[in-house]
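Chains, contacts and geometry: an overview
Single-letter residue listing:
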Amino acid sequence: MAKKTIETSGLSEVRQEDKKHWWEIAFIWAGSVCCVPALMVGGGITMGLTFFEAFMAMLTGYGICVVMMILLSIQSSDLGIPTVVAASGAFGKKGSSYVIAAIIAFCFICWFGFQAVVCGEAFAAILNTFGIPLSGMVSTILWGLVMCITAVIGINMIKWLNMISVPALIIILVYAMIVVFRDPDSVQAIHNYAPAVKTPMVIAIGSAVGGFASGSVLSGDTTRYCKSRRDVIISSIVGVIPMGVGTLLAGGVLAIHSGVLGMDTGSIVTMLSSIGSPILGLLILVLATWTTNVSNAYSAGFALLSLTGAKDDKRMMMTLLSGIVGTLLAVFGITNYFNSFLNVLSVGIPPVAGVVIMDYFVRHKGDPKDWTPTEGVNLAGLIAWLAGALFALLLPSFLIPTLNAIVIACVLYLVLYPVLCKKKAE
């Protein structure tokens, strides 16, 4: 039983008998995109647009992310390998194992810590309204450990967590919307809402893209369990778009309803309490964070496994280490550096997608039989990735920074690879 429950595959190819149905993967995606930060991003987007404009920005942003994750996931599904291994063709074994794995590990460990502290502090704050004393630090540590242990067990535990949590979250969010729209004042406020300062649509789309871009890049860690490319496409669209856009919209609705349009822990507590039932607000908080944060620790574990060169049987230990470090960072005040961290996250990981997609679909024509890891370091991939990240970092106000980074990485890889390969051959 333990062998069936605990995931044993690390960086090696997933066995065919371990593959999942598309709807099981879709549940994992639905749980991943329904999270507290998504509610916060939804409130932030709604702050600067009319409600319909906000909806269009959210739909466009997540649509871009789904296209990117489908292209990346096809390779992982074809080969049965996680993202950091799939990147070894585009960046070389050493480039992927050290540079890319280090970036992924850092970002997702930090993201795990941020979500743990948001959940922990908000959970403690809601309990305090019932007269139950609990410090934010203790709550953060407890929830950090719970989420970490779930990720340590692996894909089967993550699957069951989401299959139970996602229907519960849908029911609770639908109830929350009913509460809001039964209030004539709230309906009027949403219908007539006009931002004091208008946000350009391109920036709003960029916020939606940035909120899920990094998760899209690491999609292969989960979709390597898909049985076919068809399953990749269906699970990505069905799992992400309805729940993802719905969560962003719920964040916008609750923000207008509660009168709080912000992106901090206090705002989240106010938004969740505004539905008139602190218990339901508590359930949204816990389930939404839990289903998302396990993926952060899960992907960080693969990155650390690659970075350290450890064997597959060390996956559990690396995942546990990721969760513990992330929780400690949360306890020591990671949220004080949230803006800087989000900036690094938004420009460092997305251009990886551009390089990997071009390598697999252009260089190898999307043929899994033609793909092999590149020995050493693939300089074309590393230069293209770095250029894309720097372009987005230096021009944060130009169009959509995340998308800019991906496009730059795509173009440069196609230009540099033939030149550098020819030079190396000579």
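Since the model is a prediction, treat every value here as computed from it, not as a measurement.

Description of the overall build of the protein
From N to C terminus, the protein includes 20 helices and zero strands. Relative to a compact globule of 426 residues, whose C-alpha radius of gyration would be 22 Å, the protein shows 21 Å and is just as compact. Summarising its shape, the C-alpha atoms of the protein cover approximately 70 × 50 × 40 Å along the three principal directions. The contacts in the protein between residues at least 6 apart in sequence include a share of 85% that link residues at least 24 apart. Entry remark: accessible area of the protein is about 17200 Å², with carbon and sulfur atoms responsible for 71%.

Concerning the pattern of salt bridges
Under the defined criterion, the tally for this structure stands at nine salt bridges. Here Arg15 and Glu17 are joined by a salt bridge, their closest N and O atoms 3.8 Å apart. Note on Arg15: relative accessible area 48%, which makes it partly exposed. Given a relative accessible area of 59%, Glu17 falls into the exposed group. Across the salt bridge formed by Asp78 and Arg229, the nearest N and O atoms sit 2.6 Å from each other. Within this pair, whereas Asp78 is found in helix 4 (residues 51-79), its partner Arg229 is found in helix 13 (residues 229-258), the two being separated by 151 residues in sequence. Residue classification places Asp78 among the partly exposed residues on the basis of a relative accessible area of 25%.

What to know about the packing of aromatic side chains
Enumeration over the complete set of coordinates arrives at nine aromatic pairs. Between the aromatic rings of Tyr62 and Phe212, the centroid separation amounts to 5.6 Å while the plane-to-plane angle is 25°, which identifies the pairing as stacked. Placement of Tyr62 in helix 4 and of Phe212 in helix 11 (residues 201-217) is noted, with a sequence separation of 150 residues between them. Feature note: the residues Trp29, Tyr62 and Phe212 constitute an aromatic cluster, connected by ring pairs.

A short note on the nonpolar core
Ile45, Phe91 and Leu285 are the most contacted members of the largest nonpolar core, which has 129 residues in total. A total of 17 residues in this core trace back to one element, the largest contributor, which is helix 7 (residues 93-129). In this structure Leu285 touches Val36, Val118, Cys119, Ala122, Phe123, Ile126 and Leu272, once residues within four positions along its chain are discounted.

Overview of empty space enclosed by the protein
For the coordinates displayed, the defined rule picks out one cavity of 30 Å³ or more. In this model, the largest cavity occupies a volume close to 40 Å³. In this structure, the largest cavity is lined by Leu72, Gln75, Ser76, Thr83, Ala86, Val217, Gly220 and Val356. Mapped by element, the contributors of at least two residues to the lining of the largest cavity are helix 4 and helix 5 (83-86). Among the elements that line the lining of the largest cavity, the one with the most residues is helix 4, at three residues. Residues belonging to the lining of the largest cavity are distributed by class as follows: four nonpolar, four polar and no charged.

Definitions and cut-offs
Residues numbered from 1 in each chain as written. Predicted model: local features only at pLDDT ≥ 70, side-chain atom pairs only at ≥ 80, totals over all residues. Heavy atoms only, no water. Helix = DSSP H or I, 4+ residues; strand = E, 2+ residues; numbered from the N terminus. Rg over C-alpha atoms; globule rule 2.2 N^0.38 Å. Contact = heavy atoms within 4.5 Å. Areas by Shrake-Rupley, 256 points an atom, 1.4 Å probe, with all protein chains shown as cover. Salt bridge = Lys/Arg side-chain N within 4 Å of Asp/Glu carboxyl O. Buried < 20%, exposed > 50% of the residue type's maximum accessible area, 1.4 Å probe, protein only. Phe/Tyr/Trp six-rings, centres within 6.5 Å; stacked < 30°, edge-to-face > 60°. Core = buried A, V, L, I, M, F, W, Y, C linked by side-chain atoms within 4.5 Å. 1 Å grid on protein atoms, 1.4 Å probe; cavity = no way out; pocket = protein on both sides within 12 Å on 5 of 7 lines; lining within 4 Å. Points joined across faces, edges and corners; volume = space filled by probe spheres on them. Nonpolar A, V, L, I, M, F, W, Y, C, P; charged D, E, K, R; others polar.

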